[in-house]
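Descriptive analysis of the structure
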Amino acid sequence: SDGVIFGKIGSAGKSRVPVAATFKRKKSADTFTAIVNHFKSKGSSCGSGDDDTQGAGPCNGKRLVTAKALVLWIESDAFFKSKNNVVIMGDLNSYAQEAPVLHLLSSGFSTPMNLNSAYTYQFNGESGTLDYALFKGTASVDSAIWHVNADEPNLLDYNLDYGRDALLFDSTSPYRFSDHDPVLLGLTFA
């Protein structure tokens, strides 16, 4: 079913294929596995029955199917059986109270982010959280959002859409290298 849910970058109506990697501390046996994701955007329609008209926006059904497939993969793939610290991270393109994020949280993942006030993205003057670090495991976790992109004007953007002047982008500055703010994660092992 991987081909139905996930697709190559730019493939219509699909989330990008998640990438998982396990990291080990040099001087101990402590590990964590990060699964990087990019769920289907809200930017284009996925068609009748998949576009939420109650506020979650286009393709909410695709994002929920992606969240369910991700949990199924984690619960059933032998790769994850020995992993006791798993982080789902990335652009889930879902706000905190939308079905995809709620499904991940109800599947045992949690976040130290304050989902009532956090934001990682701004669009037309509205802000919200689309990017997450959701954790399940034995380590203690802390996170922060590095506000270097969402608050910055589009004029400074790395992207040259709409005739933006390339000379305005300063590649030596950390500001506006994306339209989303990165989520920073800290793990403390027992």
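That block above? That's the structure.
This section reports on the structure supplied with the text.

Points about the overall build of the protein chain
Within the protein chain, the regular secondary structure consists of four helices and ten strands. Secondary structure of the protein chain in N-to-C order comes out as α-β-β-β-β-α-α-β-α-β-β-β-β-β. Its C-alpha radius of gyration of 17 Å places the protein chain within 12% of the 16 Å reference for a compact globule of 190 residues. Over its C-alpha atoms, taken along the principal directions, the protein chain stretches across nearly 50 × 45 × 30 Å. Carbon and sulfur atoms form 55% of the exposed surface of the protein chain, whose accessible area is close to 10,600 Å².

Some words on the nonpolar core
Counting 25 residues, the largest nonpolar core has L70, I74, I88, L92, L104, Y132 and L134 as its most contacted members. Listed by contribution, the elements that provide at least two residues to this core are α2 (60-76), β5 (85-91), α4 (99-106) and β8 (131-137).

Notes on the state of the cysteines
The tally for this structure, following the rule as stated, stands at one disulfide. Disulfide pairing is shown between C46 and C59; the S-S distance is 1.9 Å. Looking down the S-S bond of the C46 and C59 bridge, the torsion is 100°, so its handedness is right-handed. Here C46 is found in the loop between β4 (31-38) and α2, whereas its partner C59 is found in the loop between β4 and α2, with 13 residues between them in sequence.

A closer look at the packing of aromatic side chains
Inspection of the entire model under this criterion finds four aromatic pairs. Between W73 and F80, the ring centres sit 4.9 Å apart and the planes meet at 85°, which makes this aromatic pair edge-to-face. What makes W73 partly exposed here is its relative accessible area of 27%. Considering the side-chain rings of W146 and F177, the 6.4 Å spacing of their centres and the 50° angle between planes classify their relative orientation as tilted. Separated by 31 residues along the polypeptide, W146 in the loop between β9 (140-145) and β10 (183-188) and F177 in the loop between β9 and β10 bring together distant segments of the chain. Relative accessible area serves as the criterion here: at 38%, F177 is assigned to the partly exposed category. Here a set of aromatic residues connected by ring pairs shows up, and it is made of W73, F79 and F80.

A word on the environment of G186
With respect to the helices and strands, G186 occurs in strand β10. It is 23 Å that separates the C-alpha atoms of G186 and F79, two residues lying 107 residues apart in sequence. Discounting residues that sit within four places of it in the chain, G186 has contacts with S140, V141 and D142.

What about the sheet that holds strand β3 (residues 19-24)?
Strand order in the open sheet formed by four strands is β3-β4-β5-β8, with mixed pairing between adjacent strands. Only two strands of the sheet have a single neighbouring strand rather than two, namely β3 and β8. Going across the sheet, the axis of each strand differs from the next one's by a mean of 20°, ignoring polarity. As paired elements, β4 and β5 share six bridges and run parallel to each other. Each bridged residue has a counterpart across the sheet, and for H38 the counterpart in β5 is D91.

Concerning the layout of surface pockets
When its volume is computed, the largest pocket comes out at roughly 400 Å³. Together, 17 residues line the largest pocket, and Y121, F123, N154, R164 and R176 are the ones closest to its centre. The residue inventory of the lining of the largest pocket, partitioned by class, reads six nonpolar, five polar and six charged. Taken as a whole, the second largest pocket holds about 300 Å³ of empty space. Lining the second largest pocket are 15 residues, and of these K42, G43, N93, Y121 and L130 sit closest to its centre. When its residues are assigned to classes, the lining of the second largest pocket shows five nonpolar, seven polar and three charged.

Thresholds applied
- Residues numbered from 1 in each chain as written.
- Predicted model: local features only at pLDDT ≥ 70, side-chain atom pairs only at ≥ 80, totals over all residues.
- Heavy atoms only, no water.
- Helix = DSSP H or I, 4+ residues; strand = E, 2+ residues; numbered from the N terminus.
- Rg over C-alpha atoms; globule rule 2.2 N^0.38 Å.
- Areas by Shrake-Rupley, 256 points an atom, 1.4 Å probe, with all protein chains shown as cover.
- Core = buried A, V, L, I, M, F, W, Y, C linked by side-chain atoms within 4.5 Å.
- Buried < 20%, exposed > 50% of the residue type's maximum accessible area, 1.4 Å probe, protein only.
- Disulfide = S-S within 2.5 Å.
- Phe/Tyr/Trp six-rings, centres within 6.5 Å; stacked < 30°, edge-to-face > 60°.
- Contact = heavy atoms within 4.5 Å.
- Pairing = 2+ DSSP bridges.
- Axes fitted to C-alpha atoms, helices over the stretch in contact; angles between N-to-C directions.
- 1 Å grid on protein atoms, 1.4 Å probe; cavity = no way out; pocket = protein on both sides within 12 Å on 5 of 7 lines; lining within 4 Å.
- Points joined across faces, edges and corners; volume = space filled by probe spheres on them.
- Nonpolar A, V, L, I, M, F, W, Y, C, P; charged D, E, K, R; others polar.

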